[in-house]
Amino acid sequence: MDKGIRVTVWNEGVHERQHEAVKKIYPKGMGRQIAQYLKKQPGIASVHVSELSDPDQGLADKILKNTDVMTWWGHMAHHEVTDENAARVQQRVLEGMGLVVLHSGHLSKPFVRLMGTTCMLKWREWKGIGEKERLWVVDPAHPIVDGLPEYIELERAEMYGEHFDIPPPDQLVFISWFQGGEVFRSGCCWHRGLGKVFYFRPGHETIPIYYNEQILKVIYNGVKWAAPTAVKGGIKRDHFDPPLEKME
Ligand code: ZN
């Protein structure tokens, strides 16, 4: 990624329009809040914000083709994303595009397709204000936790609890503890085809979580980790492979 990473921040953008409390926290939308942080980070070439209400749901071919890493936040309108668009995002991941799935994006169509499981979990928004969460780093050598302390503490968070119906992650980076007693695999990495997928839990819409520098740093590190890498000449498949050595 010599020229820097081209990021598309895909944001559903429905809560911010319909719910006053969310609008107050993110007047320009959650996507723009994440984007304005990413834009300032080294190694990021460009950040485009796509929303569900954009033409082609913000997932036009031209956008997908020019995206190295896509972040995805969705919740109440997962079903509105067309199956065709979800399949195209999945295909781009198989071709090498990174995907960073945030919070309730666990039930987004592209993520569920890429995982092949229900991706269901249990949740609780305690008394509408949430509860304490500690995200423990369980892989201190992982690039996604570079520069972070051994745990991130959030005073208020929506609880997500196990069992989280995902395939076992290739790398598990964070495990959350919640005040109410549950635990959750909060930072998970997978490889799919030539692409990489990172799921990161925090990000409930009524809590100003995307102003938290540590959370934003994890997203940035996740974008860098998920950025495409390629072997010279590309990977060739689906053809008869002549032997490299002289064969009898
Ligand atoms: Zn939530």
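Residue positions within a chain follow its written sequence, with the count starting from 1. Local features in this predicted model are restricted to residues whose pLDDT is 70 or higher, and side-chain atom pairs enter the listing and the counts only when it is 80 or higher, whereas totals over whole chains, interfaces and linings include all residues. Only hydrogens and water are set aside; all other atoms, that is, all heavy atoms of the structure, feed into the side-chain values.

A short note on the overall build of the protein chain
- Elements are defined by DSSP. Helices are runs of H or I of four residues or more, strands are runs of E of two residues or more, and each kind is numbered from the N terminus. Counting its secondary structure elements, the protein chain contains 7 helices and 11 strands.
- Against the compact-globule benchmark of 18 Å for 248 residues, the protein chain has a radius of gyration of 18 Å, which places it among compact chains.
- In terms of principal-axis extent, the alpha carbons of the protein chain reach across some 75 × 40 × 35 Å.
- Looking at the 248 residues of the protein chain, the share that counts as buried comes to 52%.
- Residues are treated as being in contact if the distance between any of their heavy atoms lies within 4.5 Å. A separation threshold of at least 6 residues defines the contact pool for the protein chain, and within that pool the share at least 24 residues apart is 71%. Throughout, radius of gyration means the C-alpha value; the globule benchmark is 2.2 Å times the number of residues raised to the power 0.38. We call a residue buried when its accessible area falls under 20% of the maximum for its residue type, exposed when it is over 50%, and partly exposed in between, using a 1.4 Å probe and counting protein chains only.

Remarks on a nonpolar patch on the surface
- Residues with no salt bridge and a relative accessible area higher than 30% make up the patches, which join like charges within 9 Å and nonpolar side chains (Val, Leu, Ile, Met, Phe, Trp, Tyr) within 5 Å. The Shrake-Rupley method, run with a 1.4 Å probe sphere, supplies the accessible areas, and residue values consider only the shown protein chains as cover. When a carboxyl oxygen of Asp or Glu is within 4 Å of a side-chain nitrogen of Lys or Arg, the pair counts as a salt bridge. A surface patch of nonpolar side chains, amounting to about 410 Å² of accessible area, comprises Trp136, Val138, Tyr151, Trp177 and Val183.
- Mapped onto the fold, Val183 is located in strand β10 (residues 183-192).
- When its relative accessible area of 44% is taken as the criterion, Val183 is described as partly exposed.

With respect to the side chain of Glu205
- For Glu205, the position within the fold is in the loop between β11 (195-200) and α7 (213-226).
- Among buried Asp, Glu, Lys and Arg side chains, Glu205 stands out as unpaired, with Arg201 the closest opposite charge at 9.9 Å.
- Among the polar contacts listed, one links the side chain of Glu205 to the side chain of His204, at a separation of 3.3 Å.
- If we ignore the near neighbours within four places in the chain, the residues touching Glu205 are His15, Val22, Ile25, Tyr26, Met30, Trp73 and His75. Neither His nor the chain ends contribute to the count of charged residues, in which Lys and Arg are positive and Asp and Glu negative. Polar contacts here mean pairs of N or O atoms no more than 3.5 Å apart (in protein, one a potential hydrogen donor and the other a potential acceptor; neighbouring residues in sequence count only if both atoms are side-chain atoms).

Some points on the confidence of the model for the protein chain
- Of all residues in the protein chain, 100% attain a pLDDT of 70 or more, and the chain-wide mean is 97.
- When pLDDT is averaged over each element of the protein chain, strand β4 (residues 98-102) comes out on top at 99 and helix α1 (residues 15-18) at the bottom at 95. pLDDT expresses how confident the predictor is about each individual residue, on a scale running from 0 to 100.

So, the coordination of the zinc ion
- As a rule, N, O and S atoms within 2.8 Å of a metal are its donors, except that Na, K and Ca use 3.2 Å; water is not among the atoms, so sites may look incomplete. Taken together, His103 (NE2), Glu158 (OE) and His204 (ND1) make up the full set of protein donors to the zinc ion, lying 2.0 to 2.2 Å away.
- Sequence spacing of the donors to the zinc ion: H-x54-E-x45-H. Linking His103 in the loop between β4 and α6 (109-115) with His204 in the loop between β11 and α7, this pair joins segments that are 101 residues apart in sequence. For the residue pair His103 and His204, the accessibility class agrees, reading buried in each case.

Structural notes on the nonpolar core
- Core analysis: the largest hydrophobic core is formed by 42 residues, its most contacted members being Leu38, Phe174, Phe200 and Tyr210.
- Looking at this core element by element, the count peaks at 8 residues for α7.
- For Phe200, the contacting residues outside a window of four places in its chain are Val101, Leu102, His103, Leu135, Phe174, Ser186, Ile215, Val218 and Ile219. What we call a nonpolar core is a set of buried Ala, Val, Leu, Ile, Met, Phe, Trp, Tyr and Cys residues that are connected through their side-chain atoms within 4.5 Å.

So, the packing of aromatic side chains
- Aromatic rings from Phe, Tyr and Trp, with only the six-membered ring used for Trp, were paired whenever their centres fell within 6.5 Å, and each pair was classed as stacked if the ring planes differed by under 30 degrees, edge-to-face if by over 60, and tilted otherwise. What the rule picks out here adds up to 11 aromatic pairs.
- Between Phe111 and Trp190, the ring centres sit 5.7 Å apart and the planes meet at 65 degrees, which makes this aromatic pair edge-to-face. With Phe111 in helix α6 and Trp190 in strand β10, the pair connects residues that are 79 residues apart, well separated along the chain.
- We classify Trp190 as buried; its relative accessible area is 0%.
- Plain terms: the ring middles of Phe198 and Phe200 are 5.8 Å apart, the flat faces sit at 15 degrees to each other, and that makes the pair stacked.
- Judged by relative accessible area, Phe200 falls into the buried class, the value being 0%.
- The structure contains a cluster of three or more aromatic residues connected by ring pairs, namely Phe111, Tyr160, Phe164, Phe184, Trp190 and Tyr199.
- If you follow Arg134 out to its NZ or CZ, it ends over the ring of Tyr151, 5.8 Å from the centre.
- For a lysine, the NZ atom is tested; for an arginine, the CZ atom; a charge sits over a ring if that atom is within 6 Å of the ring centre and within 35 degrees of the ring normal. The ring of Trp225 has Lys196 sitting right over it, with the charged end atom 5.9 Å from the ring centre.

A short note on the side chain of His204
- Classification of His204 as buried rests on a relative accessible area of 6%.
- Polar side-chain contacts of His204 include one of 3.1 Å to the side chain of Glu125.

Thoughts on the pairing of β10
- Counting buried positions over the 10 residues of β10 gives 8, a clear majority of the element.
- Should DSSP find at least two bridges between two strands, the strands are taken to pair. Counting the residues that bridge the hairpin from strand β9 (residues 171-178) to β10 gives 4 residues, and of these Gly181 lies at a positive phi of roughly 115 degrees.
- Taken together, the 6 bridges between β10 and β11 define a ladder with antiparallel strand orientation. Paired with Trp190 across the two strands is Val197, which belongs to β11.
- Between the end of β10 and the start of β11, which pair antiparallel, lie 2 residues, with Gly193 showing a positive phi angle near 60 degrees.

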